[in-house]
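Summary of the model geometry
Below, each chain spelled out in residue letters.
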Amino acid sequence: MNDGRLHTQIEQFDKAFHAFWRGVLFLGTQASFDTFKGLGFLDMQLIYIAQQRPDAILKEIRDYLKIPQTTLSSAIARLEKKGLLKRVINNRDMRSFSLEITDQGEQVLGEHKKNDYEQAKSILSFLDEDERDDFIRLMAKVAGKMEAII
């Protein structure tokens, strides 16, 4: 492996990645930013999990997200206070709790998905059809490798 070439590629990647991330942050609509005000990445993950996996117990969620119990408890309490989620007794294991998304949580998640769609549409608009296919394939490859080590 050529360490000099790798070093150059890392520097180029770092520069491109940060420019890309800045672009992603500013491609959202103002309405969406207002809707998501005060909600972080973990918050949105919990809302999404509550919608997609209503039968998941809190321990499964904690293990999947690889976060401490205190972090999970704090995030859930914050989202309950905002009226986006509620803790409910799990149907599979009556000794455990699951998360239930509220109507307000569904609304926030719907806005988030619309925002994600518009951001992806904006990003992909910079590429032609073949470049989009390559970009998506490479991102999926990297994401898959990252998922495997997380």
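Above this text is the structure in question.
Throughout this description, residue numbers start from 1 for each chain and increase along the sequence as written. Only residues with pLDDT of at least 70 get local features here, since the model is predicted, and only at 80 or more are side-chain atom pairs given and counted; chain-wide, interface and lining totals rely on the full set of residues. The side-chain quantities take in all heavy atoms of the structure and omit both hydrogens and water.

From N to C terminus, the protein chain includes seven helices and two strands. Helix and strand labels come from DSSP, where a helix needs a run of H or I of at least four residues and a strand needs a run of E of at least two; each type is numbered from the N terminus. Counting helices and strands in the order they occur from the N terminus, the protein chain gives α-α-α-α-α-β-β-α-α. Put simply, the radius of gyration uses C-alpha atoms, and a globule should come to 2.2 Å times the residue count raised to 0.38. Whereas a compact globule of 150 residues would reach a radius of gyration of roughly 15 Å, the protein chain reaches 19 Å, over 25% beyond that. To sort residues, take the accessible area from a 1.4 Å probe on protein chains only and compare it with the maximum for the residue type: under 20% means buried, over 50% means exposed, and anything in between is partly exposed. Here the protein chain holds 150 residues, and 24% of them are scored as buried. A fraction of 58% describes how many contacts in the protein chain between residues 6 or more apart in sequence connect residues 24 or more apart. When the accessible surface of the protein chain is split by element, carbon and sulfur atoms take 58% of a total near 10,800 Å². Here, residues are in contact when the closest pair of their heavy atoms is within 4.5 Å. Here the Shrake-Rupley method, with its probe set to 1.4 Å, supplies the accessible areas, and only the displayed protein chains count as covering residues.

A surface patch of nonpolar side chains, about 600 Å² in accessible area, is lined by Phe-13, Phe-17, Trp-21, Leu-25 and Phe-26. Locating Phe-26 in the fold gives a position in helix 1 (residues 3-26). By relative accessible area, Phe-26 is classed as exposed at 67%. Only residues above 30% relative accessible area that lack a salt bridge enter a patch, with like-charged residues linked at up to 9 Å and the nonpolar side chains Val, Leu, Ile, Met, Phe, Trp and Tyr linked at up to 5 Å. In what follows, salt bridge is the name for a side-chain nitrogen of Lys or Arg lying within 4 Å of a carboxyl oxygen of Asp or Glu.

Right, let's talk about unusual backbone geometry for a bit. Of note, the phi angle at Lys-66 is positive, near 55°, even though the residue is not glycine. Inspection of the secondary structure assignment puts Lys-66 in the loop between helix 4 (58-65) and helix 5 (69-81).

The subject of this paragraph is the packing of aromatic side chains. The relation between two aromatic rings is expressed through the spacing of the ring centres and the mutual angle of the planes. Pairing of aromatic rings covers Phe, Tyr and Trp, the last through its six-membered ring, and needs centres within 6.5 Å; plane angles under 30 degrees mean stacked, over 60 mean edge-to-face, and all others mean tilted. In the structure shown here, the tally under the stated rule is two aromatic pairs. With a centroid separation of 5.7 Å and an interplanar angle of 20°, the aromatic rings of Phe-13 and Phe-17 are classed as stacked. Here Phe-17 and Phe-13 lie together in helix 1, a separation of four residues that amounts to about one turn. A relative accessible area of 56% places Phe-13 in the exposed class. Judged by relative accessible area, which is 39%, Phe-17 ranks as partly exposed.

Another point: the packing of helix 3 (residues 41-52) against helix 6 (residues 103-124). Working convention: axes come from line fits to C-alpha atoms, limited for helices to the stretch in contact. Angles between N-to-C directions cover 0 to 180 degrees. At a minimum axis distance of 10 Å, the contact between helix 3 and helix 6 shows a crossing angle of 110°. Considered as vectors, helix 3 and helix 6 are oriented roughly perpendicular to each other. Mapping the contact onto sequence places Met-44, Ile-47, Tyr-48, Gln-51 and Gln-52 in helix 3 and Gly-105, Glu-106, Val-108, Leu-109, His-112 and Lys-113 in helix 6. Classification convention: Asp, Glu, Lys, Arg as charged; Ala, Val, Leu, Ile, Met, Phe, Trp, Tyr, Cys, Pro as nonpolar; all other residues, Gly among them, as polar. Here the residues of the contact of helix 3 with helix 6 are counted per class, giving five nonpolar, four polar and two charged. By definition in this entry, angles of less than 35 degrees are roughly parallel, angles greater than 145 are roughly antiparallel, angles of 65 to 115 are roughly perpendicular, and the rest are oblique.

Note that every value here comes from positions in space, so none of it alone points to a role or purpose.
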